[in-house]
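The lines below spell out each chain.
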Number of protein chains: 2
Amino acid sequence: MQLEQALTILKDEGYKYTEKREDILNFFNKEDGYRTASDLLNYLSKKYSGISYDTIYRNLHLFHDLNILETTELGGEKHFRLSCGHDEHHHHFICKSCGKTKAIESCPMNHIRQNFDGYYIENHKFEVYGLCPSCL
Amino acid sequence: MQLEQALTILKDEGYKYTEKREDILNFFNKEDGYRTASDLLNYLSKKYSGISYDTIYRNLHLFHDLNILETTELGGEKHFRLSCGHDEHHHHFICKSCGKTKAIESCPMNHIRQNFDGYYIENHKFEVYGLCPSCL
DNA sequence: TTACAAATCGTAATGATTACGATATGATGA
DNA sequence: TCATCATATCGTAATCATTACGATTTGTAA
Ligand SMILES: [Mn+2]
Ligand SMILES: [Mn+2]
Ligand SMILES: [Zn+2]
Ligand SMILES: [Zn+2]
């Protein structure tokens, strides 16, 4: 997702423009991988010495609700990244070292739906973890 | 996994037999689904009024290390269940209401390994969430 | 029955996340 | 430009799951 697109979503939805919000988006744009709330707090603390947890989490949740960020749970901690932008449903390899991802185009649900007659399927999670070539 | 098998593992590995340990195994045996540390604490508190968190978590981790329990993270909280016993690698549908599972025999990794030349793949997670027929 | 390592207790610490009253600040229109 | 006001942020405490640890108890083997 592009930064401008994200800022447009905020404006269209009636949220205010703030420099912190732009910095948060810039952070995720340059990081290009899954990052935690505390990663973001460390980054913003350089510029805004007294930044509040409330600001961090409120904006992370807002951006997630607006589909600007996507999230996953890794090792008991929520991680965030800019939404992919692809519009077809897909999954990810995630590098445990740098947090960067590689798309997995095929979805395993297609192969197994037939085995769940009588079940209500709400969602699913398929993620592959390891090390990317540059971290190896 | 059978209770007797679990108790044998404990004995063979040199761990002591305690009534609490047997009660923990009985709990997971009768529950037949993913349960949290706090589910277990509530259950054991009926019989052992002052049971310690240390006892709960120490035994959960021990049983997991001995492959008596398997674990997954649901909604930011670790859940435990008796190990399946199947020896072929597989995945699970998990009912969000009762925690019971249904095996998924096929593993999506088989189809996509070829796309990860140059990557080190450490592990993967594939879980399907929803409601089982009896919870519907 | 004794001895001792293992297990448990009681309770505090930790770390991520949430909560909330007080204050500051973007956006809007007069 | 200024006044207004809803939104955003701050400062800080609370919450929740999990971990930590010294003191005490207990299972096991000699
Ligand atoms: Mn993607
Ligand atoms: Mn199974
Ligand atoms: Zn990497
Ligand atoms: Zn169910």
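Residues numbered from 1 in each chain as written. Chains lettered and ligands numbered in written order. Predicted model: local features only at pLDDT ≥ 70, side-chain atom pairs only at ≥ 80, totals over all residues. Heavy atoms only, no water.

Undergrad: Hey, could you go over the protein's contact with DNA strand C for me, with residue numbers and the actual values?
TA: Around DNA strand C, the surrounding shell holds 21 residues, and the nearest of these are A:Tyr57, A:His61, B:Arg21, B:Thr55 and B:Arg58. Of what DNA strand C places within 4 Å of the protein, 62% of the atoms are sugar or phosphate. In the model, a phosphate oxygen of DNA strand C is placed 2.9 Å from a nitrogen or oxygen of the B:Gly50 main chain. Of all elements in the fold, only helix 4 (53-65) and strand 3 (77-82) of chain A together with helix 2 (19-31) and helix 4 (53-65) of chain B reach the threshold of two or more residues within the surface near DNA strand C. (Near = heavy atom within 4 Å. Polar contact = N/O pair within 3.5 Å; in protein donor to acceptor, adjacent residues only side chain to side chain. Helix = DSSP H or I, 4+ residues; strand = E, 2+ residues; numbered from the N terminus.)

Undergrad: Got a sec to walk through the environment of A:Leu66? Specific residues and values, please.
TA: Among the secondary structure elements, A:Leu66 is positioned in the loop between helix 4 and strand 2 (69-74). Put simply, A:Leu66 and A:Ala6 are 60 residues apart on the chain and 8.8 Å apart in space, counted from C-alpha to C-alpha.

Undergrad: Which residues make up the interface of chain A and chain B, and what values go with them?
TA: In this complex, chain A contributes 29 residues to the contact, which on the side of chain B involves 29 residues. Between chain A and chain B the total buried area reaches about 2700 Å² when both faces are included, carbon and sulfur atoms providing 66% of it. One can count 13 residue pairs in polar contact (both at pLDDT 80 or more) joining chain A with chain B. Secondary structure elements with two or more residues in the side of chain A that touches chain B: strand 5 (101-104), helix 5 (109-112) and strand 6 (120-131) of chain A. (Contact = heavy atoms within 4.5 Å. Buried area = accessible area lost by both parts, 1.4 Å probe.)

Undergrad: Break down the packing of helix 2 of chain B against helix 4 of chain B for me, citing the residues and quoting the values.
TA: Residues and elements named next belong to chain B. Relative to each other, helix 2 and helix 4 sit at 70 degrees, their axes nearing to 11 Å. Regarding the angle of helix 2 to helix 4, the classification is roughly perpendicular. In the packing of helix 2 onto helix 4, the handedness of the crossing is right-handed. Residue-level contacts link Lys20, Arg21, Ile24, Leu25 and Phe28 of helix 2 to Thr55, Arg58, Asn59, Leu60, Leu62 and Phe63 of helix 4. Taken together, the residues of the contact of helix 2 with helix 4 sort by class into six nonpolar, two polar and three charged. (Axes fitted to C-alpha atoms, helices over the stretch in contact; angles between N-to-C directions. Parallel < 35°, antiparallel > 145°, perpendicular 65-115°, else oblique. Left-handed = near helix turned anticlockwise from the far one by under 90°. Nonpolar A, V, L, I, M, F, W, Y, C, P; charged D, E, K, R; others polar.)

Undergrad: Describe the packing of helix 3 (residues 37-47) of chain A against helix 4 of chain A, with residues and values.
TA: Residue and element names in this part refer to chain A. Close contact between helix 3 and helix 4 brings their axes to 10 Å; oriented N to C, the two are set at 125 degrees. It follows from the interaxial angle that helix 3 and helix 4 lie oblique. For the element pair helix 3 and helix 4, the recorded crossing hand is right-handed. In this structure, helix 3 uses Ala37, Leu40, Leu41 and Leu44 to contact helix 4, whose residues at the interface are Tyr53, Ile56, Tyr57 and Leu60. Counted by class, the contact of helix 3 with helix 4 contains eight nonpolar, no polar and no charged residues.

Undergrad: So what's going on with the coordination of the manganese ion (ligand 1)? Residues and values would help.
TA: All names here are of chain A. The protein atoms donating to the manganese ion (ligand 1) are Cys84 (SG), His90 (NE2) and His92 (NE2), with metal-donor distances spanning 2.1 to 2.2 Å. All donors of the manganese ion (ligand 1) come from a single chain, and their spacing in sequence reads C-x5-H-x1-H. Both residues of the pair, Cys84 and His92, count as buried. (Donors = N, O, S within 2.8 Å, 3.2 Å for Na, K, Ca; no water. Buried < 20%, exposed > 50% of the residue type's maximum accessible area, 1.4 Å probe, protein only.)

Undergrad: Summarise the sheet that holds strand 3 of chain A; cite the residues concerned and give the values.
TA: Residues and elements named next belong to chain A. Spatially, 1-3-2 is the arrangement adopted by the three strands of the open sheet, whose pairing is antiparallel. Unpaired on one side and paired on the other, strand 1 (35-36) and strand 2 mark the two borders of the sheet. This element, helix 4, spans strand 2 and strand 3 of the sheet and lies at about 115 degrees to strand 2. (Pairing = 2+ DSSP bridges.)

In short, the description is geometric, and any link to function would need to be established separately.
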